[in-house]
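Chain by chain, the residues run as shown.
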Amino acid sequence: MASSHTYREFDPSRDLDRIGFLVSQAFGVDEEGCRKWIGETRGRQVRVVECTGASSPDACLILIPMGQFFGGRSVPMTGVAGVAVAPESRGSGIATHMMAESLREMRANGAAISTLFPATQPVYRKVGYEQAGALWTFSVDPSRLRGAREPQLQIQALSTNDRPRLEAGYKTFARSHEGFLDRADYIWDRVFSPRGQTAQGWAIADEDQIEGCIFTVRQPAESFTKRVLPLSDVWTNTPRAARRALAFLADHASVVREVVFHGPNPHPLLMALQEQVASVRVKDFWMLRIVDVIHALECRGYPPDTRSAVTLDIQDDLLPENSGVYRLSVDEGAGRVERASSSPTSTRDARVRMDVRDLASMYCGFMSPFALAATTGRVQGDERGLESLAGLFGGGLPSMSDAF
């Protein structure tokens, strides 16, 4: 049966006002700001869905091609943002149709995985996404931060022209934390200008070598009375840079009472403190979808001292090309995947059956194969197979510092 919905590219000349309205209705924000956000593409791809015969779209989303680090390697990932459905069309299945079509497009364009922050989970689980990591929020009183001055390290003001200097240092930090983004232009824009605000970047540097950075977000006068200083980015790659960053933030104690930022948990910056003075909470859980099983398993990194092979029997109802039996072989930190026979494999290899959603949580290290087997009931395999997968995917608690 032909679909009653049409998935297509966004046409600014006829769709901008309507999509601005849909996004403003979905997220409760200013319509003019939404139009500006939609119009400034910066590498993003806006897609819309309209009912057959309709004169304007009833749903939209934004695709953000970038990467995500797992096992120290950047995996091709497409982020999904700005999912909005007209109030009168909610519950009609249009969101499910839109997500399904976008996943087929991602796969055709070479994405291995897809990640998003859900406003609601059922629609995304229906198309194969599952919880896979967290966005952690840290808050700390700067008067309780202490760090050596590290006179060799300077605090240098940054501008958008300094982004090439920042990228190498950021990637060094990001690749050591499971789930961190290999940032696209859109994400870097949000570091320098988070949600329409202005952030000032500060490099922690030894001459031209950047060892860390902090982006402080400039607060409007009416908000500054709360004496909260948000950071749109903070990372350090050396112990002395961490100490210098703490001293820099401590110097703000005369004007702010709280510094707030996101990052991995445990955060390396706070590990440099003598006492546990930070408040930590989960702001959001993000979800991940395996778009291409072979591509995803071969692109990520694995423990370098592990040599292992396991057979995976994957079920994917939406993308049937993902369904099947695969043999994953890992050696020297790299994975190789081959399609396997559906008949029983050699007794040398353990075999584990699972849904593509379970693979998403396992792939990131968010939940162990044993926990998934006990929780969802969809993971089935002997202890040897589950232990093999736990060793391959247990790289650390997945997180990120960027919301999109």
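Description of the structure in this document. Note that this is a predicted model, so its numbers are computed, not measured.

**Examining the overall build of the chain**
Line of reasoning, step 1. On a plain count of helices and strands, the chain comes out with 13 helices and 18 strands.
Line of reasoning, step 2. Across the 404 residues that make up the chain, the buried fraction comes to 52%.
Line of reasoning, step 3. Partitioning the intrachain contacts of the chain with sequence separation of at least 6 by distance along the chain shows that 71% fall at a separation of at least 24.
Line of reasoning, step 4. Summed over all atoms, the accessible surface of the chain reaches about 17900 Å², with 48% contributed by carbon and sulfur.
Line of reasoning, step 5. The average position of the 45 basic charges and that of the 49 acidic charges among the side chains of the chain differ by 2 Å.

**Some thoughts on the pattern of salt bridges**
A side chain with one charge may pair with a side chain of the opposite charge, provided their charged atoms come close.
Line of reasoning, step 1. The full count for this structure, using the stated rule, is 31 salt bridges.
Line of reasoning, step 2. One salt bridge in this structure joins Glu-101 and Arg-104, with 2.7 Å as the shortest N-O distance. Here the residue Glu-101 and the residue Arg-104 both occupy positions in helix 3 (residues 94-108), the gap between them amounting to 3 residues, near one helical turn.
Line of reasoning, step 3. In this structure, the salt-bridge partner of Arg-240 is Glu-211, at a minimum N-O distance of 2.6 Å. Residue Arg-240 is located in helix 8 (residues 239-250), and its partner Glu-211 is located in strand 10 (residues 209-217); the two are separated by 29 residues in the primary sequence.
Line of reasoning, step 4. Residue Glu-211 is classed as buried on the basis of its relative accessible area, which comes to 8%.

**Section: unusual backbone geometry**
Line of reasoning, step 1. Note that the residue after Asn-265, namely Pro-266, is joined by a cis bond; omega there is 5 degrees.
Line of reasoning, step 2. Assignment of secondary structure puts Pro-266 in the loop between strand 12 (258-263) and helix 9 (268-271).
Line of reasoning, step 3. Positive phi outside glycine occurs at Glu-332, with the angle close to 55 degrees.
Line of reasoning, step 4. Relative to the elements of secondary structure, Glu-332 occurs in the loop between strand 15 (324-331) and strand 16 (334-339).

**Description of the packing of aromatic side chains**
One pair of aromatic rings is described through two measures. These are the centre distance and the angle between the planes.
Line of reasoning, step 1. Enumeration according to the criterion identifies 11 aromatic pairs in this entry.
Line of reasoning, step 2. Residues Tyr-124 and Tyr-129 carry aromatic rings whose centres are separated by 6.1 Å and whose planes lie at 80 degrees to one another, so their mutual orientation is edge-to-face. Summarising the burial analysis for this pair, Tyr-124 and Tyr-129 share the class buried.
Line of reasoning, step 3. With a centroid separation of 6.0 Å and 75 degrees between ring planes, the pair formed by Phe-285 and Phe-366 is classed as edge-to-face. Of the two residues, Phe-285 is situated in strand 13 (residues 279-290) and Phe-366 in the loop between helix 11 (356-364) and helix 12 (369-375); the sequence distance between them amounts to 81 residues.
Line of reasoning, step 4. Of the aromatic side chains, those joined through ring pairs into one cluster are Phe-70, Tyr-302, Tyr-363 and Phe-393.
Line of reasoning, step 5. Above the ring of Tyr-302, the side-chain terminus of Arg-300 is found at 5.1 Å from the ring centroid.

**Observations regarding the pairing of strand 4 (residues 73-85)**
Line of reasoning, step 1. Of all the 13 residues making up strand 4, 10 are buried; the element is thus mostly covered by neighbouring parts of the structure.
Line of reasoning, step 2. In this structure, strand 3 (residues 59-70) lies alongside strand 4, joined through 11 bridges in antiparallel fashion. The residue of strand 4 that forms the bridge with Phe-70 is Arg-73.
Line of reasoning, step 3. As paired strands, strand 4 and strand 5 (residues 113-116) are joined by 4 bridges and run parallel to one another. By the bridge assignment for strand 5, Val-80 is matched with Leu-116.
Line of reasoning, step 4. In terms of handedness, the path from strand 4 via helix 3 over to strand 5 forms a crossover that is right-handed.

**Quick word on empty space enclosed by the protein**
Line of reasoning, step 1. For the structure shown, the criterion picks out 1 cavity of 30 Å³ or more.
Line of reasoning, step 2. Taken as a whole, the largest cavity spans an internal volume of roughly 40 Å³.
Line of reasoning, step 3. Lining the largest cavity are Leu-231, Ser-232, Asp-233, Val-234, Phe-261, His-262 and Ser-401.
Line of reasoning, step 4. Those elements that provide at least two residues to the lining of the largest cavity are strand 11 (228-236) and strand 12.
Line of reasoning, step 5. Of all the elements, strand 11 adds the most residues to the lining of the largest cavity, at 4 residues.
Line of reasoning, step 6. For the lining of the largest cavity, the residue count by class is 3 nonpolar, 3 polar and 1 charged.

Definitions and limits used
Residues numbered from 1 in each chain as written. Predicted model: local features only at pLDDT ≥ 70, side-chain atom pairs only at ≥ 80, totals over all residues. Heavy atoms only, no water. Helix = DSSP H or I, 4+ residues; strand = E, 2+ residues; numbered from the N terminus. Buried < 20%, exposed > 50% of the residue type's maximum accessible area, 1.4 Å probe, protein only. Contact = heavy atoms within 4.5 Å. Areas by Shrake-Rupley, 256 points an atom, 1.4 Å probe, with all protein chains shown as cover. Lys, Arg positive; Asp, Glu negative; His and termini not counted. Charge placed at Lys NZ, Arg CZ, Asp CG, Glu CD. Salt bridge = Lys/Arg side-chain N within 4 Å of Asp/Glu carboxyl O. Phe/Tyr/Trp six-rings, centres within 6.5 Å; stacked < 30°, edge-to-face > 60°. Lys NZ or Arg CZ within 6 Å of the ring centre and 35° of its normal. Pairing = 2+ DSSP bridges. Right-handed = clockwise from strand over helix to strand, strands pointing away. 1 Å grid on protein atoms, 1.4 Å probe; cavity = no way out; pocket = protein on both sides within 12 Å on 5 of 7 lines; lining within 4 Å. Points joined across faces, edges and corners; volume = space filled by probe spheres on them. Nonpolar A, V, L, I, M, F, W, Y, C, P; charged D, E, K, R; others polar.

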